[in-house]
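Each chain, letter by letter, is given below.
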Amino acid sequence: VQVAESGGGLVQPGGSLRLSCIASGFTFSTAVMTWYRQAPGKEREWVATITSDGATTLYTDSVKGRFTISRDNARNTVYLQMNSLKSEDTAVYYCKTTRTNGNVWGQGTQVTVSS
């Protein structure tokens, strides 16, 4: 059971990035998927969640209207489209799901917003 993030990088303020998280080892189509982030010197914080069927999405207030979480169950992949990026979005972004044996985290992907 694992998840693996990709798509991070360096982007200027106002720019966009799309993160991907590919899952394996479990039935992805039944899993709620969540993105978190951790900025330097800060605790990890919740960013967005999507239900197994993609019908419901939730966002932390600071990213509402700028970020979009989506999923492709045929590709076992969840995405985080990030637009209008700000310097305060700089963080390592993690994908997470919860299975019977506990939480499954990826290794994270670094997003740096800087001019």
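Note on numbering: residues in each chain are counted from 1, in written sequence order. For a predicted model such as this one, the threshold for reporting local features is a pLDDT of at least 70, and the threshold for listing and counting side-chain atom pairs is 80 or more; totals across whole chains, interfaces and linings nevertheless cover every residue. Water and hydrogen atoms were dropped before computing side-chain values, which therefore reflect all heavy atoms in the structure.

A. View of unusual backbone geometry. Of note, Asn76 is a non-glycine position whose phi angle comes to about 55 degrees, a positive value. Secondary-structure assignment places Asn76 in the loop between β7 (67-72) and β8 (77-82). Of note, Ser84 is a non-glycine position whose phi angle comes to about 50 degrees, a positive value. With respect to the element layout, Ser84 can be found in the loop between β8 and β9 (91-99). Comment: elements are numbered from the N terminus, with helices defined as DSSP H or I runs of at least four residues and strands as E runs of at least two.

B. Structural context of the state of the cysteines. Disulfides are defined as pairs of cysteine sulfur atoms found within 2.5 Å of each other. Tallied over the entire structure, the rule returns one disulfide. The disulfide that involves Cys21 links it to Cys95, with 2.1 Å between the sulfurs. The chirality of the disulfide connecting Cys21 with Cys95 is left-handed, given an S-S dihedral of about -75 degrees. Taken together, the residues span a long stretch of sequence, with Cys21 in strand β3 (residues 17-24) and Cys95 in strand β9 at a distance of 74 residues.

C. Here's a closer look at the sheet that holds strand β1 (residues 2-6). Sheet architecture is open: four strands sit in the order β1-β3-β8-β7, paired in antiparallel fashion. The sheet is open, and its two borders are formed by β1 and β7, each paired with just one other strand. Ignoring strand direction, the axes of neighbouring strands in this sheet form an average angle of 15 degrees. Each pair of strands is called paired provided DSSP finds at least two bridges between the two strands. As paired elements, β7 and β8 share six bridges and run antiparallel to each other. Note that in β8 the partner of Arg71 across the bridge is Val78. The axes used here are C-alpha line fits, helices contributing only the stretch in contact, and every angle between their N-to-C directions lies in the interval 0 to 180 degrees.

D. Structural context of the environment of Tyr59. Within the secondary structure layout, Tyr59 lies in strand β6 (residues 57-59). Buried residues are those whose accessible area, probed at 1.4 Å on protein chains only, stays under 20% of the maximum for their type, while exposed residues exceed 50% and partly exposed ones sit between those limits. The class for Tyr59 is buried, based on a relative accessible area of 18%. Tyr59 sits 25 residues away from Thr34 along the chain, and the two C-alpha atoms are 9.8 Å apart. Not counting residues up to four positions away in its chain, the partners in contact with Tyr59 are Trp46, Val47, Ala48, Lys64, Phe67, Thr68 and Ile69. Side-chain polar atoms of Tyr59 contact the backbone nitrogen of Ile69, separated by 2.9 Å. We call two residues in contact whenever any of their non-hydrogen atoms come within 4.5 Å of each other. Polar contacts, as counted here, are pairs of nitrogen or oxygen atoms within 3.5 Å of one another; within protein the pair requires one atom able to donate a hydrogen and one able to accept it, and residues that are adjacent in sequence qualify only if both atoms are side-chain atoms.

E. Examining the packing of aromatic side chains more closely. Pairs were defined over the aromatic rings of Phe, Tyr and Trp, the Trp ring being its six-membered one, requiring ring centres within 6.5 Å. Orientation was assigned from the angle between planes: stacked under 30 degrees, edge-to-face over 60, tilted for the rest. Evaluation of the coordinates by the stated rule reveals two aromatic pairs. Arranged with centres 6.3 Å apart and planes meeting at 85 degrees, the rings of Tyr94 and Trp105 form a pair that is edge-to-face. A residue pair is termed long-range when its members are at least 10 positions apart, and Tyr94 in strand β9 and Trp105 in strand β10 (residues 102-105) qualify at eleven residues. We note Arg71 situated over the ring of Phe28; from NZ or CZ to the ring centre the distance is 4.3 Å. When the NZ atom of lysine or the CZ atom of arginine is within 6 Å of a ring's centre and also within 35 degrees of its normal, the charge is said to sit over that ring.

Just distances and angles here, no functional claims.
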